[in-house]
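For reference, the chains in residue letters:
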Amino acid sequence: MGFRTLAWPLALVLCGSVAGAQTPDGVAELPPAPVPNGLKLPGGVVVERATSGALPLSLDDAIARGEKQNLQMKLVIQNERLVHGELLTVENNLLPSLTASGSAEAQQINLAALGFKPSSLAEFGFAPGTIASVVKVNVASAKISMDQELFDLPAFYLYRSAKQAAKAANLSTLNLQGGVTLSVGTQYLLALADASQIENAQALEKADEVVLQQATASHDAGVGTNLDVLRARVQLQTQQQTLINDENTFEKDKISLNRMIGLPADQEITLTDAAPYAEFAEMPLEDAKRVAYQRRKDLLNLQAQLEVADQARKAVRAERLPVLSFNGYYGVIGEIGGLYHGVFAATGKVSVPVFQEGQLRGEREVADAQVIALRQQIESLRVTIEQQIRAAMLDVRSSNDLVKVAKSNVELATQELQDATDRFSAGVDDNLPVVQAQATLAQAQSQLVNTLYQYNQSKLSLARNTGVVETQYKVYLGR
């Protein structure tokens with residue numbers, strides 16, 4: 001039993017863990033998801049078609065669809081099935097193997113060709129012609145064979161290694177599920193922020209239309225200047241450009257969300273949730289670290305991989321021990337239509353490696369290197385987890401403060417615009433302060449939308465970095 005045979009579980013786990021890898025900022029890179037329903041193509045491929053009308057979509061619905069339909073999720077689930085199949089194969093090596101077989105044989109034997117001539121047979125008392133020189137024999141046999149490894153310690157350690165590989169593959173699936181939850185949730189929140197930007201731009205556009213109407217009326221009445229009209233028209237068209245850009249961004253972000261959760265790119269959706277805002281009571285750093293060390297699937301995956309490598313190393317060391325096996329069969333054989341007789345065989349076998357020192361030392365060195373490398377990765381990831389949690393906590397605190405300041409700025413900018421509009425309507429001042437106040441309010445509203453999105457996104461990242469985003473994202477968002 002070579003080390004390459006023993007190393008397969010670790011290789012499979014490493015392939016699976018790449019699919020569920022977590023980037024330093026906690027966001028998993030996700031490709032577009034396949035579509036789940038619709039037109040069936042040859043080969044089992046299903047292509048979903050866009051439905052008529054807008055599809056209502058909540059944040060929970062988007063995350064649920066993403067966890068089922070994302071391509072990377074489908075691939076990692078198949079990897080888990082692959083490892084489970086290999087586990088069954090390894091387990092079978094420890095069980096007895098029974099095989100039933102049967103055969104029927106027709107033979108024609110030329111005794112003369114074998115040297116039995118009539119004169120030769122006469123010496124044994126057979127008269128010439130008593131025995132034909134060509135004999136036909138029809139034989140049938142049936143038997144059951146069994147093979148059993150009675151003592152094979154490397155195979156036992158290999159089985160334990162395979163069990164840990166199956167566990168690690170499952171952890172890769174769960175780790176990727178958290179990445180999908182974070183990515184889909186972030187994309188949904190981004191689309192909500194785009195919708196808020198559009199609402200603000202539409203409100204400002206209406207306000208600019210009113211200012212333009214007032215400036216035009218004042219100019220027609222002879223109490224206003226043409227400069228006021230030009231300034232108001234420029235401000236209105238500038239706001240219209242902003243609205244067009246915001247609408248374009250919103251449509252593109254919805255397309256990205258569609259593909260991430262397995263919807264056709266042209267499927268119209270309606271976001272049914274509003275951007276949440278709720279202050280989050282952070283847990284102490286040590287508590288967050290303890291939760292992360294217990295719940296982070298990438299860390300648990302590495303620990304399972306370490307167990308895989310450790311069991312493989314034990315299997316390599318056990319290759320120096322003898323292997324005791326048994327095989328045998330029992331059956332019947334006889335001429336068709338005649339008598340049948342029982343036949344059996346039982347064989348015990350002991351195999352001992354006598355001189356394979358170079359191979360055994362090389363395999364042990366490879367196994368030791370894998371164990372040491374995984375231990376180093378685990379220690380490095382524990383430090384990285386602390387760094388990610390600290391950074392996420394800082395983001396949550398600062399973005400929360402930014403939201404509060406942005407809300408105050410919107411209130412002040414709104415009051416400033418109202419005062420400037422009143423002065424312009426009363427003829428006390430021109431509309432330059434109004435235009436400036438509108439620009440200030442637009443910037444304040446945009447900043448509020450962005451900071452609210454950053455606050456929610458940072459809370460999702462904190463949940464991801466503590467390993468609970470797939471189960472507690474609602475708690476972190478305050479929903």
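Computed from a predicted structure; not experimentally measured.

1. Thoughts on the overall build of the protein
Scanning the protein from N- to C-terminus turns up twelve helices and eight strands. When the 479 residues of the protein are sorted by exposure, 40% land in the buried category. Pairs at least 24 residues apart make up 83% of the contacts formed inside the protein by residues separated by at least 6 positions. Taken as a whole, the protein presents about 25,500 Å² of accessible surface, with 56% of it coming from carbon and sulfur.

2. So, the packing of aromatic side chains
One pass over the full model with this rule turns up three aromatic pairs. An angle of 55° between the planes, with centres 5.8 Å apart, marks the rings of F156 and Y157 as tilted. Residues Y277 and Y455 carry aromatic rings whose centres are separated by 5.8 Å and whose planes lie at 50° to one another, so their mutual orientation is tilted. Here the residue Y277 occupies a position in the loop between β6 (269-271) and α8 (285-295), and Y455 occupies one in helix α11 (residues 432-465), the gap between them amounting to 178 residues. The exposure class of Y277 is partly exposed, given its relative accessible area of 30%. The side chain of K143 reaches across the aromatic face of Y329, ending 4.4 Å from its centre. It is R382 that lies over the ring of Y293; its NZ or CZ is 4.0 Å from the centre.

3. Some details on the nonpolar core
Core analysis: the biggest nonpolar cluster contains 52 residues, and V184, Y188, L257, L271, I389 and L462 have the highest contact counts within it. The contacts of L257, once residues within four sequence positions are left out, are L57, V184, Q187, Y188, I269 and L271. With 16 residues, the next largest nonpolar core counts A215, V410, A420 and L441 among its residues.

4. Observations concerning the packing of helix α6 (residues 153-220) against helix α12 (residues 469-477)
Where α6 meets α12, the axes come as close as 9 Å, and the angle between the chain directions of the two elements is 35°. Across the interface between the two elements, Q177, G178, T181 and L189 of α6 pack against V469, E470, Y473 and L477 of α12. Taken together, the residues of the contact of α6 with α12 sort by class into four nonpolar, three polar and one charged.

5. Section: the sheet that holds strand β4 (residues 97-110)
Read across the sheet, four strands follow the order β4-β5-β7-β8 without closing on themselves; strand pairing throughout is antiparallel. Looking at which strands have only one partner, the edges of the open sheet turn out to be β4 and β8 (340-351). Going across the sheet, the axis of each strand differs from the next one's by a mean of 20°, ignoring polarity. As judged from the twelve bridges shared by strand β5 (residues 134-151) and strand β7 (residues 323-335), these two strands associate in the antiparallel manner. Pairing of E149 across the sheet is with S325, part of β7.

6. Here's the deal with helix α7 (residues 226-260)
Relative to the 51 Å expected for 35 residues at 1.5 Å per residue, α7 spans 51 Å between its end C-alpha atoms, a close match to the ideal helical length. Of the residues one or two after α7, G262 is the one with positive phi, at around 90°.

7. Examining the pattern of salt bridges
Applying the stated criterion across every chain, the model contains 15 salt bridges. For D298, the salt bridge identified is with R296, shortest N-O distance 2.9 Å. What makes D298 buried here is its relative accessible area of 11%. The residue R313 makes a salt bridge to D310 at a minimum N-O spacing of 2.9 Å. Taken together, the residues span about one helical turn, with R313 and D310 both in helix α9 (residues 297-318) at a distance of three residues. Residue classification places R313 among the buried residues on the basis of a relative accessible area of 14%.

8. Quick look at the pairing of β5
Pairing between β4 and β5: 14 bridges, direction antiparallel. Its bridge partner lying in β5, G102 is registered against A142.

9. Comments concerning the packing of helix α3 (residues 59-69) against helix α4 (residues 71-92)
Viewed as axis vectors pointing N to C, α3 and α4 meet at an angle of 45°, and their least axial separation amounts to 5 Å. Judged on the interaxial angle alone, α4 and α3 are oblique. Packed against α3, whose contacting residues are G66, E67, K68 and Q69, the element α4 presents L71, M73 and K74 at the interface.

10. Quick notes on the confidence of the model for the protein
Of all residues in the protein, 88% attain a pLDDT of 70 or more, and the chain-wide mean is 84. Across the protein, the secondary-structure element scoring lowest on mean pLDDT is helix α1 (residues 3-6), at 43, and the one scoring highest is α8, at 93. Below pLDDT 50 for its whole length, residues 1-21 participates in 58 contacts with residues either more than four positions away or in separate chains. Confidence over residues 33-37 falls short of pLDDT 50; this stretch has 28 contacts with residues more than four positions distant or in other chains.

11. Some points on α8
Along an α-helix, a turn takes 3.6 residues, which lines up residues three or four apart on a common side. Looking only at α8, the buried set comprises L285, A288, K289, A292 and Y293. Along the long axis of α8, the arc covered by the buried residues comes to 135°, so they all point the same way. Residues of α8 that are buried make contact with α9, α10 (357-425) and α11.

12. Focus: the side chain of Q311
In this fold, Q311 is placed in helix α9. What makes Q311 buried here is its relative accessible area of 1%. Engagement of the side chain of Q311 in a polar contact is seen with the side chain of E307, the distance being 2.8 Å. Aside from chain neighbours lying at most four places away, what touches Q311 is Y157, R160 and S161.

13. So, the side chain of Q197
Along the chain, the position of Q197 falls in helix α6. Owing to a relative accessible area of 14%, Q197 belongs among the buried residues under this scheme. Those residues in contact with Q197, other than ones at most four positions away along the chain, are D246, S446, V449 and N450.

14. Considering the environment of N327
Positionally, N327 belongs in strand β7. Here the alpha-carbon distance between N327 and T347, two residues 20 residues apart in the chain, equals 5.4 Å. Discounting residues that sit within four places of it in the chain, N327 has contacts with M146, D147, A345, A346 and T347.

The rules behind each value
- Residues numbered from 1 in each chain as written.
- Predicted model: local features only at pLDDT ≥ 70, side-chain atom pairs only at ≥ 80, totals over all residues.
- Heavy atoms only, no water.
- Helix = DSSP H or I, 4+ residues; strand = E, 2+ residues; numbered from the N terminus.
- Buried < 20%, exposed > 50% of the residue type's maximum accessible area, 1.4 Å probe, protein only.
- Contact = heavy atoms within 4.5 Å.
- Areas by Shrake-Rupley, 256 points an atom, 1.4 Å probe, with all protein chains shown as cover.
- Phe/Tyr/Trp six-rings, centres within 6.5 Å; stacked < 30°, edge-to-face > 60°.
- Lys NZ or Arg CZ within 6 Å of the ring centre and 35° of its normal.
- Core = buried A, V, L, I, M, F, W, Y, C linked by side-chain atoms within 4.5 Å.
- Axes fitted to C-alpha atoms, helices over the stretch in contact; angles between N-to-C directions.
- Nonpolar A, V, L, I, M, F, W, Y, C, P; charged D, E, K, R; others polar.
- Pairing = 2+ DSSP bridges.
- Expected span 1.5 Å × (residues − 1).
- Salt bridge = Lys/Arg side-chain N within 4 Å of Asp/Glu carboxyl O.
- Parallel < 35°, antiparallel > 145°, perpendicular 65-115°, else oblique.
- pLDDT = per-residue confidence, 0-100.
- Arc of directions from axis to C-beta.
- Polar contact = N/O pair within 3.5 Å; in protein donor to acceptor, adjacent residues only side chain to side chain.

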